[in-house]
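The chain contents come next:
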Amino acid sequence: MKRARILILLGIVGLQSLFAQWKPAEWPVIKSYDSEHLFSIALPLGGIGTGVVSLGGRGELRDWEIMNKPGIGYSTTLKGNDAPFFSIWIKEQGKEPVSKALIGPLHPTEYNQAEGKPVNHHGLPRFEKATFDAAYPFGQVNLSDNRLPVRVRIKGFNPLIPGKADDSGIPIAILSYEVENLENTPVEISVCGSMRNFVGQDGSKYYVAWNGDNYPYGTKNNVNRFQKSERIQGVFMYSDSVDKKSAAWGTIALTTNAIEGVSYRTSSSANTWSNAVLDFWDDFSKDGMLTEKEKSADPDPMASLAVKQTIPPKSKRTITFFLTWNFPNRLDWASWENPGQGQTIIGNYYSQHYNDAWDVAEKTIPRLDYLERKTIDFITAIKESTVPDVTKEAALFNLNVLRSQTTFRIPSGHLMGWEGTFDVTGSCSGTCTHVWNYEQATAFLFGELSRTMRNVEFNYATNNEGRMSFRAGLPLGEGNKAAAADGQMGCIMKLYRDWQLSGDNEFLKSNWQQVKKVLAYAWIEKGWDANQDGVMEGIQHNTMDVNYFGPNPQMGLWYLGALRAGEEMARFMKDKAFEKKCHTLYEKGSMWIDNNLFNGEYYEQKVTDPTTFEYLDLEKYPEQAPDYQLYKGCLVDQLVGQYMAHICGLGYLVKPENVRTTLSSIMKYNFLPDFSNHFNNMRSFVLGNEAGLLMASWPKGRLKIPFPYFSEAMTGFEYTAAVGMLYEGMTDNGLKCIQSIRNRFDGAKRNPFSEPECGQHYARSMASWAAILALSDFHYSGVKKSISFTSNPGTYFWSNGYAWGTCKISESQAILQVLNGELVLNSFELKGKSIKNFKGLTLKEGDSTRIEN
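Right, let's walk through the structure included here. Everything quoted here is computed from the prediction, not taken from an experiment. (Residues numbered from 1 in each chain as written. Predicted model: local features only at pLDDT ≥ 70, side-chain atom pairs only at ≥ 80, totals over all residues. Heavy atoms only, no water.)

**Comments concerning helix α6 (residues 389-397)**
- Burial within α6 is extensive, with eight of its nine residues counted as buried.
- Those residues of α6 not exposed but buried are V390, T391, K392, E393, A394, A395, L396 and F397. (Buried < 20%, exposed > 50% of the residue type's maximum accessible area, 1.4 Å probe, protein only. Helix = DSSP H or I, 4+ residues; strand = E, 2+ residues; numbered from the N terminus.)

**Here's the deal with the pairing of strand β34 (residues 834-843)**
- Pairing geometry for strand β33 (residues 823-830) and β34, over seven bridges, is antiparallel. Of the residues in β34, the one forming a bridge with V824 is T842.
- Linking two consecutive strands that pair antiparallel, namely β33 and β34, is a turn of three residues; a positive phi of about 75 degrees is found at G832 within it. (Pairing = 2+ DSSP bridges.)

**Quick notes on the pattern of salt bridges**
- Summed over all chains, the structure comprises 50 salt bridges.
- For the salt bridge of R367 with D167, the shortest nitrogen-to-oxygen distance reads 3.0 Å. Of this pair, R367 sits in the loop between α4 (357-364) and α5 (368-383) while D167 sits in the loop between β9 (150-157) and β10 (172-181), placing them 200 residues apart in sequence.
- The exposure class of D167 is buried, given its relative accessible area of 13%.
- Residue R750 is joined to E690 by a salt bridge in which the shortest nitrogen-to-oxygen separation is 2.6 Å. Placement of the pair is R750 in the loop between α18 (731-744) and α19 (770-776) and E690 in the loop between β25 (671-672) and β26 (692-693), with a sequence separation of 60 residues.
- You can call R750 buried: its relative accessible area is 16%.
- Ionic contacts of the salt-bridge type, sharing partners, join the residues R454, E457, K494, R497 and D498 into one network. (Salt bridge = Lys/Arg side-chain N within 4 Å of Asp/Glu carboxyl O.)

**What to know about the pairing of strand β11 (residues 187-196)**
- Counting buried residues along β11, nine of its 10 residues qualify, which places the element largely inside the surrounding structure.
- One ladder, built from eight bridges, connects strand β5 (residues 85-92) with β11; its direction is antiparallel. Pairing of K91 across the sheet is with E188, part of β11.
- Two strands pair when backbone bridges link them, and β11 and strand β16 (residues 302-311) are joined in this way by 10 bridges, in the antiparallel orientation. If you follow C192 over to β16, its bridge partner there is A306.

**A look at the nonpolar core**
- Counting 232 residues, the largest nonpolar core has F378, F707, W769 and L816 as the members making the most contacts within it.
- In terms of residues, this core owes the most to one element, helix α13 (residues 553-572), which gives 10 residues.
- Not counting chain neighbours up to four residues away, the residues in contact with F707 comprise M544, V546, Y548, Y628, Q629, L630, L635, M695, A696 and W698.
- Among the nonpolar cores identified, the runner-up in size contains 14 residues, and F85, A101, I103 and F284 belong to it. (Core = buried A, V, L, I, M, F, W, Y, C linked by side-chain atoms within 4.5 Å. Contact = heavy atoms within 4.5 Å.)

Given below as structure tokens:
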């Protein structure tokens, strides 16, 4: 009898170990938002290339974008009270139970609507107060109510670990509900998640059709099934009626790792007169437990999963839910841009790793301790670094782009991207080179992914002549388009950067002939630099979506940077003829631009006739000006090539004193502390009394029709100028620009986790990562195995895309630590202070070394 008892106890212990009840640790916080700054918050929860669902500032789940396309504003098949939500049931001793939606209070703008349905969850009782804490990818909603005996903290995240793209690319939203009992007596609580099976519906009007039963077409026969395994239990959602070739065909799972107190419903009553949510609410509010519905002819596919527990006095309990998905049929660019036209299935990289949504949870949950710990290590290293908080916020929060529907990975593993996303479509296809040129986060955090982008540009988007399409087609190699001068030259610099960061000489060798071809394309007849004098005089298509005619600083410095990168790569390849040519053209071009484009305050354009290429005298004959030129304008990113050269360690492309003067002029002429009196005929990304950097100003007189975006202000361009200032030691001005941006994304007016330009989650906004590079003056060469930092005392985060850690610098020493990956060094330098040489010093994860100054 005793032996049987022991075996039973062992069985219970074994079951508990299998149902390992992971719960989140304490998370770092970089930015807190009070109750007045929650309305626009939507923090994306999802992996790189997997799609996301966003955690709202008040605890709501919004923007369901898991079905291979954007869905900003999409709340699954039905809105209003029928949108997915979590709720809590609370029972104090001797009192009637109370049920609430786990959502903060309504915003003043959410009260009025013709049918009395002004907002999702409008009819559900809410918590009285809410605040939000964030350190992307961690988001925490704090809910409280003076009428309740508990406080709730909602903790949402998805692993984000530099150098580990697969661990950062899991289709999961992890939601933990930490409930604190404020009373001196026990309190019973139950937390419940409810959502419909919306497989087959992606939020696009092109795919939504209604039948007589008020079900979106394709979802009426969807199946919800309760399942239980060794690690999890919950509801698995699938469909046998949706076309298995549809981008919206796949599976969803809502699960928990709780062992006890679990109850569920796989359906609700038919939703005539909104009876489905009524039926659920009555069931849940009775005792905090759910009762499975009997099978009916017309069930509503609303599934619910609840976990009930008792919280001792003055104690906390955490209940965790996992929302996972797998939608394998990503379509090509055209299918997004013109829904219904072209349905070429490209597929998803992540779907190759998981059988279905249930499999995602099964494989991820056992690794959550590790995944969370490494994500915390990363964010903590940023938080504790000696750089201003606003640069940490800008750098981290804009990593949302990598998790949004702006980016995806095709089955070959290549990272592809739109420029941004509109509500239900992508914005401008093809991983646009001249947009993605600006961002630095991918290369410095996920080096392998960055190199896949170079592979696309040089080996699939480049023709035999060396013309690189600035928009790559899908399937790879198909549907390529025209070249852009800035995009093409920037890609040469990016390949140099990625080679240096990786130290992979085979990467350069395998691409070298393509690099030469791409650079030489500038020298073809009627090309950008047909006379090969180091200056671009030809027709230059560029990121302003127009053609520039004649030499200008924006294209000119990209070209100088490409020549410098080409020179360095040629030297390594022992290609002396090409090295000499690049060097000669660079020197000629640099001197010419300083002598001819610098006007004493900044660099300007010399406009040519687009057919004869002769210079125009626009001061005397302004009517001869072609449309959409810069001319004497002060352009916000005229030094973008220099920005990239600093990041790549290529030195100055033009005279250093002219660079500093130009940045001062950009601040003088382009920074507006108040936009209230600013006229803008285009798009407004800055409004009212907000501050920002104008795209261009004309202190010396404007053309009648300048380039289209001149009166706007866009964050990616602003970051570029600001980072240039940081590199030049103009720290106050650089930080002023960055602060003005982040002030605009305050949670009330705009979402802190999406900086738009042409679409939300815009790729260029990841230029913000370069502020971390500039303030630490971090440079790494995997080719030379050298690392260098500023000599200013402080603690600095570093990452080369493969390994990362911190460097603590004092007057007497530096301590270099590796927190992830492996670092091999031959030299360590503090700029302007000391250099320490090693013989292949290898630092592995957890290792550190002390260097005396």
